[in-house]
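Overview (structure and organization)
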Amino acid sequence: MENKNLLDSMYEIGDKLYREMCAAKPSDHATLFLNVTELGRMMTGSDRASFWKWDKHRHELWTTSATGIDKIVIPDDTGLVGKAIKEKRVVVTNDPYNDPNFNSSVDKKTGYVTKSILVMPVADINGEFIGAFQIINKLDGSGFDEVEDVRKLSLAALICGIALESESFLEESHHDKLTKLKNRMGFYSDFSRRFGKVLEAGKPLSMFISDIDKFKRVNDTYGHNAGDDVLSFTASLIENACTDSDACYRWGGEEFIMLMEDTTLEECVEKAEEIRKTIMGSTINADGNDISVTMSFGCRQFDPAKTIEENISIADGFLYTAKETGRNKVVFE
């Protein structure tokens, strides 16, 4: 009877995932990870399961599927998850509070008591580790067995690995390789999934489009390697100016866009001014040369009655005005 109930639960999860995959509606991998981690939890008779993603760019490991907390983010060289990925092996502890690699901060925050942990690193098709599957607290109190429980968890870990690799390919297609910012494809994806909903909710959404002044002169004078360094520096500075409510993109060439949700035009102009002044006061080490550049900005509060392209075109018109009237300025009307 117990095996039949387990099989029924597995079939139910599989059917749910298949139906969601075939549904004609926008989706992402979050639901798949949530359901597959639930499958792993059931297969191993565990209290909790979570799938950790490895963000190599930020040197972070993070999960949203752990129960009791919205999102956990840790440095990628810490914790049992970090150890499993670094050492490329399964890590098991049935006495976590005496394990120097166990991070008890989440337990302290939530009041949860961890008694046993199994972490299984997950690789892509090339054998490169990209995440980890973690299960916590064997329900029968026996602790985890590295052979038997890994065997039970292998299918769920394999599915998560394939899904994460697919998600990684999608993410890469949405990012500019030089600056690491999202590109136009990433912009439109974010707008459909996130920023469009801001407008639908009747909240203000603002943006600026910006351009590095006389950037061609940098390439012509110092070379394209120096130009790339200037682009990377500028992208990093703009990204660091983003809050959790903002997002920035490399629109193309030396142009950048920032979207700011629940932000008025006045607040947008203020943000652009701060960035303009910071850029102007910065010295960039570009391929061994000390270079200073300025930027021009066109700001716009989105009009929900207009298309994305129409709103961007208006902001781009303000940017053109800034460039034609002296550069190194912010224009919004």
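You'll find the structure just up there.
A short tour of the structure in this document, coming up. (Residues numbered from 1 in each chain as written. Predicted model: local features only at pLDDT ≥ 70, side-chain atom pairs only at ≥ 80, totals over all residues. Heavy atoms only, no water.)

Structural notes on the packing of aromatic side chains
Condition: Two aromatic rings from Phe, Tyr or Trp, using only the six-membered ring of Trp, form a pair when their centres are within 6.5 Å; if the ring planes differ by under 30 degrees the pair is stacked, by over 60 it is edge-to-face, and anything between is tilted. Comment: elements are numbered from the N terminus, with helices defined as DSSP H or I runs of at least four residues and strands as E runs of at least two. Three labels apply to residues, based on accessible area from a 1.4 Å probe with only protein chains included: buried if under 20% of the type maximum, exposed if over 50%, partly exposed otherwise in between. Charges are assigned to positions over rings by a cutoff of 6 Å between ring centre and Lys NZ or Arg CZ, combined with an angular limit of 35 degrees from the ring normal.
All told, the structure shown has nine aromatic pairs when counted by the stated rule. Between the aromatic rings of tyrosine 188 and tryptophan 251, the centroid separation amounts to 6.2 Å while the plane-to-plane angle is 45°, which identifies the pairing as tilted. One end of the pair, tyrosine 188, is in helix H6 (residues 184-200); the other, tryptophan 251, is in strand E8 (residues 246-252), and 63 residues separate them in sequence. Look at phenylalanine 208 and phenylalanine 297: their rings are 5.1 Å apart centre to centre, the planes differ by 85°, and that puts the pair in the edge-to-face class. Of this pair, phenylalanine 208 sits in strand E7 (residues 205-212) while phenylalanine 297 sits in strand E12 (residues 295-301), and the two are 89 residues apart along the sequence. In this pair, the class of phenylalanine 208 matches that of phenylalanine 297, namely buried. Every member of this aromatic cluster is reached through a ring pair, and the members are Phe187, Tyr188, Phe191, Tyr249, Trp251 and Phe302. Over the ring of tyrosine 112 we find arginine 48, and its NZ or CZ is 3.5 Å from the ring centre. Over the face of the ring belonging to tryptophan 54 we find lysine 56, whose NZ or CZ atom lies 4.8 Å from the ring centre.

Describing the packing of helix H7 (residues 215-222) against helix H8 (residues 224-240)
Rules: The convention used is that axes are lines fitted to C-alpha atoms, helices contributing only their stretch in contact, and that angles between N-to-C directions extend from 0 to 180 degrees. Angles are sorted into four bins: roughly parallel if under 35 degrees, roughly antiparallel if over 145, roughly perpendicular if 65 to 115, and oblique for all others. Contact between two residues is taken to exist if any of their heavy atoms lie within 4.5 Å; hydrogens are not considered. Classes in brief: Ala, Val, Leu, Ile, Met, Phe, Trp, Tyr, Cys and Pro nonpolar; Asp, Glu, Lys and Arg charged; the others, Gly included, polar.
Between H7 and H8, the shortest axis-to-axis distance is 7 Å and the interhelical angle comes to 140°. The angle between H7 and H8 places the two elements in the oblique class. Across the interface between the two elements, Phe215, Val218, Asn219 and Tyr222 from H7 touch His224, Ala226, Gly227, Val230 and Leu231 from H8. Looking at the contact of H7 with H8 residue by residue, the classes come out as six nonpolar, three polar and no charged.

Here's the deal with the nonpolar core
Inclusion rule: Put simply, buried Ala, Val, Leu, Ile, Met, Phe, Trp, Tyr and Cys residues joined by side-chain atoms within 4.5 Å make one nonpolar core.
One finds Phe208, Ile212, Val230, Phe256, Ile275, Val293 and Cys299 to be the most contacted residues of the largest nonpolar core, which totals 29 residues. Among the elements of the structure, E7, H7, H8, strand E9 (255-261), helix H9 (265-280), strand E10 (284-286) and E12 are those that each provide at least two residues to this core. When near neighbours in sequence (up to four residues on either side) are disregarded, phenylalanine 208 contacts Phe256, Ile257, Met258, Met260, Cys268, Lys271, Ala272, Ile275, Phe297, Gly298 and Cys299. Counting residues in each nonpolar core, the second largest holds 19 residues, with Val90, Ile130, Ala157 and Ala163 among its members.

Side note on the pattern of salt bridges
Using the following cut-off: Any Lys or Arg side-chain nitrogen located within 4 Å of an Asp or Glu carboxyl oxygen qualifies as a salt bridge.
In the structure shown here, the tally under the stated rule is 13 salt bridges. A salt bridge links aspartate 246 to lysine 271; the nearest nitrogen and oxygen atoms lie 2.8 Å apart. Taken together, the residues span a long stretch of sequence, with aspartate 246 in strand E8 and lysine 271 in helix H9 at a distance of 25 residues. According to the relative accessible area criterion, lysine 271 is buried, its value standing at 13%. Beyond isolated ion pairs, a larger network of salt bridges with shared partners links Asp211, Asp213 and Lys323.

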